[in-house]
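Here are the chains, one letter per residue:
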Amino acid sequence: MSLTRRQFLQQTAATATLSALPLTAQNQHPGSQPGTPAPGSLKSVSRNLPVGCCVAARILRTDAAYTALVKQQASILVAETEMKFGPLRPTPTTFFFDDADYLAHFAQSNNMLLRGHNFVWHRQLPSWFATYVTPANAQQVLVNHINTVAGRYKGRIHSWDVVNEAIQVSDNLPGGLRNSPWQKVLPGYIDIAFRTARRADPHALLTYNDYGIEAEDEASAKKRAAVLALVRGMQERNVPIDAVGIQSHLTAGPNHTYAAVPGQLAGGGEGPALAKFMADIQSLGLKIMLTEMDVNDRDLPADIPTRDRAVADLYASYLHTTLANPAVVALLTWGITDKYTWLNHEGARKDSLPERCLPFDADLKPTPAFFAELNALQGK
Ligand code: XIL
C-alpha cells in the first residue's frame, strides 16, 4: 500500500511542478502596477515542495484578482471551511457537496494538489450534532461521514486531516485529549476515524493536525509531548497514520518565541524545541506538513513598516528551521491575502486595524512576508 501512495505522490507532485508557469509568463501579477517587476511565484521556486494556501469557493467564484493570484502562487490548496463536518452536513441524513466539489474541480483543472480538511473537529459541527449524535449512533455517524466524503474525493486528495485539534491538555483527560463533542460520545473516535479513512481512500496521506505546538513555551512543550504520545500510541495499536500537520498559527512580538536560529535561544546549544519535536516525528517514519501558517500582528504597534518587518522576520526564522527537516512535504498559509484573513475576525487587533499576516496584503501586493517565504523556499 505504501508503494502505491508513494507513486501517487510522485505522480501528483510531478504534475504540479510541470504546471508551474515560467516566471516570465507571470508578469501580470494582479497587485503590480504596469512595469513593476514580477515578485515571483512561490510555486515556481518551490520545485520539490508543494506550497499553497487555504481558499474559499465563495471568493474564487466572485473575485477574479484573488483567483489569479491563487493560480499564480499555489501548487496545493485546502478548503478553508467547505470540507468540514458542519458545512457538508445540513441534516443528519444529507450532504451538501456543491462548494467542496467546486474546490476539487478548481484544484484539478489547475493541476494543483488538494488537502482534505477535516473529518473530525470540535468546531464547525452542525447544530443538529448535539441532539442527534449519541453514544449509541456516534460510530455509525462518523464512519458513514468518512466513507461518503473520502469516497467521493478518493484518489484526488493529497492528504486528509483526519482528526483536527484533538489535544487540549488543560481539559485534564488522559493523554491530554480534548473533552470535545466527539470524545464525549465516542471515546475511541481517533482510531476509528483513521482506520475508516485508510479504507475509504488508501492513497491520501492520513494526517493528525494541531496548533499550539510551535512555541518555545511551557504550554507548547506539554502539547508537543501529548501529540507525540498520541501518534506513538496510534502506531503501537497499528492505527494507520502518515503525517503530522503543524498548523503554524504564530504571533509576532517579544512575548512569543518560536523556532529561532539555533544558538539564539535562551538555554542555547540544543536548538529550538520545535526542531526536536519534528525530528521525533520524522524518526517515527511520519511526514510533516506546515498546514495553516500565518503570523498575527496583534501585539505590535500600528505602524505598518514595523509590523511588516516583525512578521517577515518570523516567517523567515520559522521557515528556516522547519523547512530544514526533510520530512516536510507541504507548506500552506491560511489564506494568501490579508483581504480575507480569518484573523480579522478571530484574535483581531485591539485597535481594529486590519491584520498584515499573510504573503499578500489586502490590495494583493506582496508583503515582506512574501519575500521571506520566497527566500526560505529557495534555501536563502
Ligand atoms: C477557521 C476559518 O478560517 C474560519 O473562517 C472559520 O470560521 C473557523 O475556522 N484551525 C483550523 C482551521 O484547523 O480550520 C480554522 O479555520 C483556523 C484554526
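Residues numbered from 1 in each chain as written. Predicted model: local features only at pLDDT ≥ 70, side-chain atom pairs only at ≥ 80, totals over all residues. Heavy atoms only, no water.

Caption draft 1: Structural view of the pairing of strand β8 (residues 287-296). With respect to burial, β8 is a largely interior element, nine of its ten residues being buried. In the sheet, strand β7 (residues 249-251) pairs with β8 via three bridges, with the strands oriented parallel. Looking at the pairing, T251 lines up with N296 of β8. Where β8 and strand β9 (residues 328-333) come together, four bridges link them in parallel fashion. Bridge pairing in β9 places L290 opposite L331. Between the parallel elements β8 and β9, the chain passes through helix α13 (residues 304-322) in a crossover that is right-handed. (Buried < 20%, exposed > 50% of the residue type's maximum accessible area, 1.4 Å probe, protein only. Helix = DSSP H or I, 4+ residues; strand = E, 2+ residues; numbered from the N terminus. Pairing = 2+ DSSP bridges. Right-handed = clockwise from strand over helix to strand, strands pointing away.)

Caption draft 2: Examining unusual backbone geometry more closely. The linkage connecting H117 with the following residue, N118, adopts the cis geometry, with an omega of -5°. Within the fold, N118 resides in strand β3 (residues 113-120). Phi is positive for N111, which is not a glycine, with a value near 55°. By the secondary structure assignment, N111 is in the loop between α6 (98-109) and β3. Phi is positive for N238, close to 60°, though the residue is something other than glycine. Note on placement: N238 falls in the loop between α11 (218-236) and β6 (243-246). Overall, N238 belongs to the exposed group, its relative accessible area being 65%.

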